[in-house]
Amino acid sequence: MNPNFLQTPIEFLKGVGPNRADLLKKELGIHTFQDLINLFPNRYLDRTRYYKIAELQKTNAEVQIIGKITHIKTVEQKRGKRLVATFTDETGTMELVWFRGQKWIRENLKLNEPYVIFGRANWFNDHFSMPHPEMELVKEHEKSLRSAMQPVYPSTEKLSTRGITNRVVNKLMQQLFSEAQNAFVESLSKPILDSLKLLPKNEALFNIHFPKNASLLARAQYRLKFEELFYIQLQLLRKNLIHKTKIKGYLFSEVGDYFNSFFKSYLPFNLTDAQKRVIKEIRKDVGSQAQMNRLLQGDVGSGKTVVAFMSMLIGLDNGYQACLMAPTEILSVQHYNSLFKWCNNLNISISLLTGSTSTSNRRKIHENLENGSLQVLIGTHALLEDKVKFNNLGIAIIDEQHRFGVAQRSKLWHKNERPPHILVMTATPIPRTLAMSVYGDLDISIIDELPPGRKSIKTVHRFDANRLKVFRFLKDEISKGRQVYIVYPLIQESEALDYKDLMDGYESIVREFPMPEYQVSIVHGKMKSADKDYEMNRFVKGETQIMVATTVIEVGVDVPNASVMVIESAERFGLSQLHQLRGRVGRGAEQSYCILMTGHKLSHDARTRLETMVRTNDGFEIAETDLKLRGPGDIMGTQQSGVLNLRIADIIKDGEILKIARSYAFQTLRDDPNLEKTENNPIKFTYAQLAKYRNIWNYIS
Ligand code: ADP
Ligand code: MG
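Here is what the cut-offs are and how they apply
Residues numbered from 1 in each chain as written. Chains lettered and ligands numbered in written order. Predicted model: local features only at pLDDT ≥ 70, side-chain atom pairs only at ≥ 80, totals over all residues. Heavy atoms only, no water. Axes fitted to C-alpha atoms, helices over the stretch in contact; angles between N-to-C directions. Helix = DSSP H or I, 4+ residues; strand = E, 2+ residues; numbered from the N terminus. Contact = heavy atoms within 4.5 Å. Nonpolar A, V, L, I, M, F, W, Y, C, P; charged D, E, K, R; others polar. Expected span 1.5 Å × (residues − 1). Buried < 20%, exposed > 50% of the residue type's maximum accessible area, 1.4 Å probe, protein only. Disulfide = S-S within 2.5 Å. Near = heavy atom within 4 Å. Polar contact = N/O pair within 3.5 Å; in protein donor to acceptor, adjacent residues only side chain to side chain. Areas by Shrake-Rupley, 256 points an atom, 1.4 Å probe, with all protein chains shown as cover. Pairing = 2+ DSSP bridges. Core = buried A, V, L, I, M, F, W, Y, C linked by side-chain atoms within 4.5 Å. Parallel < 35°, antiparallel > 145°, perpendicular 65-115°, else oblique. Left-handed = near helix turned anticlockwise from the far one by under 90°.

K.L.:
Just give me the short version of the packing of helix α10 (residues 257-266) against helix α12 (residues 304-317), but keep the residues and values in it.
P.N.:
Between α10 and α12, the shortest axis-to-axis distance is 7 Å and the interhelical angle comes to 145°. Along the contact surface, α10 presents D257, Y258, F259, F262 and F263, while α12 presents V306, F309, M310, L313, I314, L316 and D317. Considered class by class, the residues forming the contact of α10 with α12 number ten nonpolar, no polar and two charged.

K.L.:
So what's going on with helix α24 (residues 655-671)? Which residues, and what values?
P.N.:
The end-to-end C-alpha separation of α24 is 24 Å, in line with the 24 Å expected for 17 residues at 1.5 Å each. All of the buried residues in α24 are G655, I657, L658, A661, R662, Y664, A665, T668 and L669.

K.L.:
Could you give me a rundown of the state of the cysteines, with the residues and numbers involved?
P.N.:
Per the stated rule, a full pass over the model turns up zero disulfides. Summary of cysteine pairing: C343 is not part of a disulfide, and the nearest cysteine sulfur, belonging to C323, is at 13 Å.

K.L.:
Hey, could you go over the site of ligand 1 for me, with residue numbers and the actual values?
P.N.:
Close to ligand 1 lie 16 residues; N270, G301, K304, T305 and R454 are nearest. With respect to ligand 1, the backbone of G301 contributes an N or O atom lying 2.6 Å from an oxygen atom. Note that an oxygen atom of ligand 1 is positioned 3.4 Å from one of the backbone N or O atoms of S302. When ligand 1 sits alone it has 560 Å² of accessible area, and the protein chains cover 79% of it. Across the shell around ligand 1, the residue classes break down as four nonpolar, seven polar and five charged.

K.L.:
Explain the pairing of strand β3 (residues 80-89) to me, using residue names and the numbers behind them.
P.N.:
As defined by bridge partners, strand β2 (residues 62-77) adjoins β3 across nine bridges and the pair is classed as antiparallel. Of the residues in β3, the one forming a bridge with K73 is V84. A loop of two residues connects β3 with strand β4 (residues 92-98), the two strands running antiparallel in sequence.

K.L.:
Describe the sheet that holds strand β17 (residues 458-463), and please don't skip the residues or the numbers.
P.N.:
Strand order in this open sheet of six strands is β17-β22-β21-β18-β20-β19, and the pairing throughout is parallel. Every other strand in the sheet has two partners, leaving β17 and β19 (520-523) as the edge strands with one partner each. Sheet twist, expressed as the average angle between the axes of neighbouring strands with direction ignored, equals 20°. Relative to strand β21 (residues 562-567), strand β18 (residues 483-487) runs parallel, the two being bridged by five bridges. Its bridge partner lying in β21, V487 is registered against I567. Of the strands in this sheet, β17, β18, β21 and β22 (593-598) touch helix α20 (residues 575-582), which is tilted by about 155° from β21.

K.L.:
I'd like to hear about the nonpolar core, residue by residue, with values.
P.N.:
Grouped together as the largest cluster of nonpolar side chains are 50 residues, with contacts concentrated most on F226, F230, L234 and L377. A total of eight residues in this core trace back to one element, the largest contributor, which is helix α9 (residues 214-246). Setting aside its immediate chain neighbours within four residues, F230 contacts L188, I192, A661, Y664, A665, T668 and I683. In terms of nonpolar packing, the next biggest core, distinct from the first, is built from 39 residues, I282, M310, I314 and I350 among them.

K.L.:
Explain the packing of helix α11 (residues 273-286) against α12 to me, using residue names and the numbers behind them.
P.N.:
Contact geometry for α11 and α12: axes closest at 10 Å, N-to-C directions at 30°. Taken together, the axis directions place α11 and α12 in an arrangement best described as roughly parallel. The element α11 and its partner α12 pack so that their crossing is right-handed. On α12, the residues that touch Q275, V278, I279, I282, R283 and V286 of α11 are V306, V307, M310, S311 and I314.

Below, the structure written as structure tokens:
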């Protein structure tokens, strides 16, 4: 085949004139022959079975029948005309009906010749009728490439009203395949094809459009899904590989006194195996010549902070500075406070820089950073300001990654002659398959184990009607010395109303839990940050027993004595948010509780979310359910990554294929990083096209 054949503009295909070409481009983005080949069907209709008219059931199902038209007439109605044909086989008679395109049909239908018809058979006025059947003369039907499993192509309203029906697309596809003569270039290597017993390219493309039978269709789908995911993974892994070989990082060649004496003398607990494993992974990264670019996933409370701190110590041991950036002021203060103690023990200089740092303090920090006397800087976005110049930043930790954009991450790079090692930490577990696609170019570490002795949080769902009982329970817990969070939703679209709910709720709590026996704090986004901090601090210190809040407490705060989390209007929160909120309790030795309050009316999805929360504490399981409920579209990072543009694979359903594809992509690059082996020629060729075309399928075939 002429290599440029597939790049032929679509208007040159027989059957496609300028009008149709225009529609295909606008509606489906089909510009070339290749685009058409890669228009994969959404589903298939089973046309292996032929029905007799006498067999039809009143189920309104799609059926295929062979028979003849014996009579045709136009029926006048109040609202326009319809064309009605009498269709018979040897067992009975039914009607075929058209509301549109009557003239053309009337002129072209042949009486008393056998047709295959296909469509929905409706039971109507004591007989079956089929509106707008697909039909074909039996002699044509037998000749055509059309197979038993009939593809249904993606379409749009405009396409079908302008006459580009599924059948037309099917015809065009036949035309294209007969011109192409089945000479598509193989895009996977022989070893991969053999090892997975994949269909060759030609057969896969043929069977995806004209499946000979269900089993070949399944194999064609598998091969094309694999291929799509393989090339995405190859791209991501290659990016990672290039990053590692091209971008030099600072070499932390030794683990020295800071790290060792912290580990020996000051570490207040034994590390979990997961924490040890992750620290080892980080040590390996920073001890190589490459710049670390690692994502650390770990459920809330899994102990990421100490891992971050020990990584910073390795940097300090090698004479570098370290920083830790968090998305909110509250969180950075909290980090600062916990690291401050440790740093003090170790004689390490540490400062906090946020939006509310005073000008004089700020100036001092800038100065000490530049002259290198300040070793550790904790803070918010304020760290990214141009005035903040490090003497030698060796490692940067970013907490709660989803709040920072990629652009911000890369800003940290330019504070130095070389990029610092970067460790991004997130408490929002991302399903593994999705992480492979969204963060496939990062290295990923996972803390999949909680520190020992944690009691798992008991979660219950209660209706608003039981509020009094819930209050009694809160009083019991408070009398035992515990503290309680009560959280209200705050959603931008309904902000005014939500604030009203929050304030109403606050008032009723204050009434129910009166002073001086009880002290209630409130924190929300409309407060000045000094007031917020004041209230937050009172709660942290145990001066107040109840914290009423909007989701500002969602990230990070650590109050081990708080053991009850009440979530109001829980049905309005997303799963990952609920899980994050629940993670605020269960940090101390006491049994903790999460109470999900809702009204009686619940949508199906809301019910599933609540049931999931009650059933499990496992962040990864919750993330999987979340992905199934919401689809990948709403999950952070998916937009940029293009996982939504998959043509044939499904990021949710095809997780297994994705894992296989990733491992094959990995092996391929491990054995032949530059794709120089002859056997990898097809991959090299295909990969080279990658840069040229945006859509992955434009270079695969
Ligand atoms: P997160 O991963 O949510 O940031 P933190 O780092 O804040 O979790 O840790 C949660 C709590 O668990 C902290 O109070 C911390 O001191 C404690 N912790 C961390 N690791 C361990 C461990 N290995 N053993 C016992 N407690 C630990
Ligand atoms: Mg944390």
